[in-house]
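Examining the three-dimensional arrangement
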Amino acid sequence: MAAHQEKKSAEERKHKSIQNDTRTSQVQWGRAWEVDWFSLASILFLLMFAPLIVYYFIMSCDQYQCSLIDPLIDLLTGNKHLSDIWDKTPTLTYRAAAIYTLWVAFQIFLYLCIPDFCHKFLPGYVGGVQEGAVTPAGVVNLYEVNGLQAWIITHVLWFANAYYFHWFSPTIIFDNWIPLLWCANILGYAVSTFAMIKSYFFPTNAKDCKFTGNFFYDYMMGIEFNPRIGKWFDFKLFFNGRPGIVAWTLINLSYAAKQQELYGQVTNSMILVNVLQGIYVLDFFWNEAWYLKTIDICHDHFGWYLGWGDCVWLPYLYTLQGLYLVYHPVQLCTANAIGILMLGLIGYYIFRMTNHQKDLFRRTNGNCKIWGKKPEYIECSYMSVDGTKYYSKLMTSGFWGWARHFNYTGDLMGSLAYCLACGFEHLLPYFYIVYMTILLTHRCIRDEHRCFSKYGKDWKRYTAAVPYRLLPGIF
Ligand code: NDP
């Protein structure tokens, strides 16, 4: 008995020492602790130029019919000075401030005050209180998933107003677009600054905070992992989904209404952009519980990147196609319209199925069927900060056997479809596909770096089994 006890204790000591060995290399998963010069340079560039890029795009539509080149030519030839362009830019107005405040307050109300009822009657929809993933400190947060409901209520009210109540014009967003940009910036900077101060003085979970000591990096990439106010107001879930993504489809509807007002009709390209992006947005809310397991929520800390990005970058730059079509009402021939629709739908199918396969695989712990067969996978392990060892699996079947991020490939196909709907006259609508390619390639590399620090040699076994990232045989 004593011998057995001693053997057991020896085994426990050995296991603990293995844990401690791996701990030093593996507890570093999550965003970086140390900042390399390249990351710092990129962050300083983005902090300085991202707000200017947004301004430049929106201004070029307002003053130059969406030409990206003409403002530059005007400035370089001395035809115009920066001050001329600035003087013509609409300023912040009380009306825009009131619209924006009401909008954000309404979304906060929907988020905090109306528990989800959609999951009670929509078969297959997962809503209500849901668990997030394990954080690096080993915490599992609870979330109230009610985004679909917020989206439906907001859109029902929008249509009720447009067709029945007429409280405001459906072109209201387009008509106040630049004044609203200033409001979105104020909120974006305020929330990022507040998140930074909060992480020093009253963090929600101190163990999940990461300080690099570099002010700019910490401001941009965030310190707190899941900042919250009270039990339920989660900054990441709220700012990621609403007000930006709920607004996305409303912004497109406002552009369609503007086309109708200006030209007496809505073009098929505008309908395509509204439908394809509408599917993407609805997909996001239908799968909001799944979204709790994506990189934004599971791995990114909350800083300017998410705070300002969700308030300004997303609603202003993801909707450029609709804005462009107000100034250039493209009517596509039927063959082109069908081709673009097919590209968008196939891209969406790949995007959704790939995400669905991983979600199903993870939810059932591999006890499911992928393409009619039991999935193949690689067993892996990782540790949280407190030294607890966890086990996980990386699937090598289905789309996950074709490439390590085939969901990004589908997303890129859909993004290309939105751009193609705008024809080939101008560069501006193509910003989205260029941006998404950079974002998703960078995200893919960032995620793989993180997975390597999390899973170590197990990740290497996985990349040997699935050697390509986005395009099988190419990249
Ligand atoms: P993924 O959904 O691809 O999640 C990556 C994580 O999944 C990894 O960190 C790892 O997490 C786990 N994982 C990786 N490989 C496997 C595998 N083979 N089997 C099981 N689990 C695996 O990434 P994102 O969160 O970035 O993207 C989600 C979706 O959102 C994508 O479709 C993307 O296109 C879209 N997206 C859209 C954006 C937009 O702006 N429109 C921006 C960003 C994303 P773990 O630690 O759990 O193992």
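Please refer to the structure placed before this passage.
A quick note: this is a predicted structure, and the numbers were derived from the prediction, not measured.

What follows is about a nonpolar patch on the surface. Taken together, the side chains of L44, F45, L46, M48, F49, L52, F215 and F216 make up a nonpolar region of the molecular surface, amounting to roughly 750 Å² of accessible area. Elements supplying a minimum of two residues to the nonpolar patch: α2 (37-64) and α10 (215-221). Sort the elements by how many residues they give to the nonpolar patch and α2 lands first, with 6 residues. Judged by its relative accessible area of 54%, M48 falls in the exposed class.

Moving on: the site of the ligand. With respect to spatial proximity, 27 residues lie near the ligand, and among them Y408, D411, R443, D447 and Y455 are the closest. A distance of 2.9 Å separates a nitrogen atom of the ligand from a polar side-chain atom of Y280. For the ligand, an oxygen atom lies 2.9 Å from a polar atom in the side chain of N355. Those elements giving two or more residues to the shell around the ligand turn out to be α18 (334-363), β6 (389-395), α20 (406-420) and α21 (431-455). Among the elements that make up the shell around the ligand, the one with the highest residue count is α21 (8 residues). A per-class count over the shell around the ligand returns 14 nonpolar, 5 polar and 8 charged. Each of domain 1 (90-331) and domain 2 (332-474) gives at least three residues to the shell around the ligand.

Glancing now at the packing of helix α16 (residues 304-317) against α21. Between α16 and α21, the shortest axis-to-axis distance is 13 Å and the interhelical angle comes to 150 degrees. When the axes of α16 and α21 are compared, the pair comes out roughly antiparallel. The element α16 and its partner α21 pack so that their crossing is left-handed. Contact residues: α16 offers Y305, W313 and L317, while α21 offers F431, Y432, Y435, L439, R443 and R446. Of the residues contributing to the contact of α16 with α21, the split by class is 7 nonpolar, no polar and 2 charged.

In the structure shown here, the tally under the stated rule is 12 salt bridges. Linking E448 and R469 is a salt bridge whose minimum nitrogen-to-oxygen distance equals 3.2 Å. Here the residue E448 occupies a position in helix α21, and R469 occupies one in the segment after α22 (457-465), the gap between them amounting to 21 residues. In this structure E448 comes out as buried when scored by relative accessible area, which is 6%. For R469, a relative accessible area of 25% gives the class partly exposed. Linked by salt bridges that have partners in common, D175, K258 and E261 make up one network.

Take the state of the cysteines next. The tally for this structure, following the rule as stated, stands at 1 disulfide. With a sulfur-sulfur separation of 2.2 Å, C61 is cross-linked through a disulfide to C66. Residues C61 and C66 share a disulfide whose torsion about the S-S bond is about 110 degrees; that sign makes it right-handed. For the pair C61 and C66, one class covers both residues: buried. Of all cysteine sulfurs in the structure, the one in C118 sits closest to C113, which takes part in no disulfide; the separation is 16 Å. Taking relative accessible area as the criterion, C113 reaches 49% and is therefore assigned partly exposed. Considering cysteine sulfurs only, C451 is the nearest to C444, which forms no disulfide, with 9.8 Å between them.

Cut-offs and rules
Residues numbered from 1 in each chain as written. Predicted model: local features only at pLDDT ≥ 70, side-chain atom pairs only at ≥ 80, totals over all residues. Heavy atoms only, no water. Patch = residues over 30% accessible without salt bridge, like charges linked within 9 Å, V, L, I, M, F, W, Y side chains within 5 Å. Areas by Shrake-Rupley, 256 points an atom, 1.4 Å probe, with all protein chains shown as cover. Salt bridge = Lys/Arg side-chain N within 4 Å of Asp/Glu carboxyl O. Helix = DSSP H or I, 4+ residues; strand = E, 2+ residues; numbered from the N terminus. Buried < 20%, exposed > 50% of the residue type's maximum accessible area, 1.4 Å probe, protein only. Near = heavy atom within 4 Å. Polar contact = N/O pair within 3.5 Å; in protein donor to acceptor, adjacent residues only side chain to side chain. Nonpolar A, V, L, I, M, F, W, Y, C, P; charged D, E, K, R; others polar. Domains from an automatic or database assignment. Axes fitted to C-alpha atoms, helices over the stretch in contact; angles between N-to-C directions. Parallel < 35°, antiparallel > 145°, perpendicular 65-115°, else oblique. Left-handed = near helix turned anticlockwise from the far one by under 90°. Contact = heavy atoms within 4.5 Å. Disulfide = S-S within 2.5 Å.

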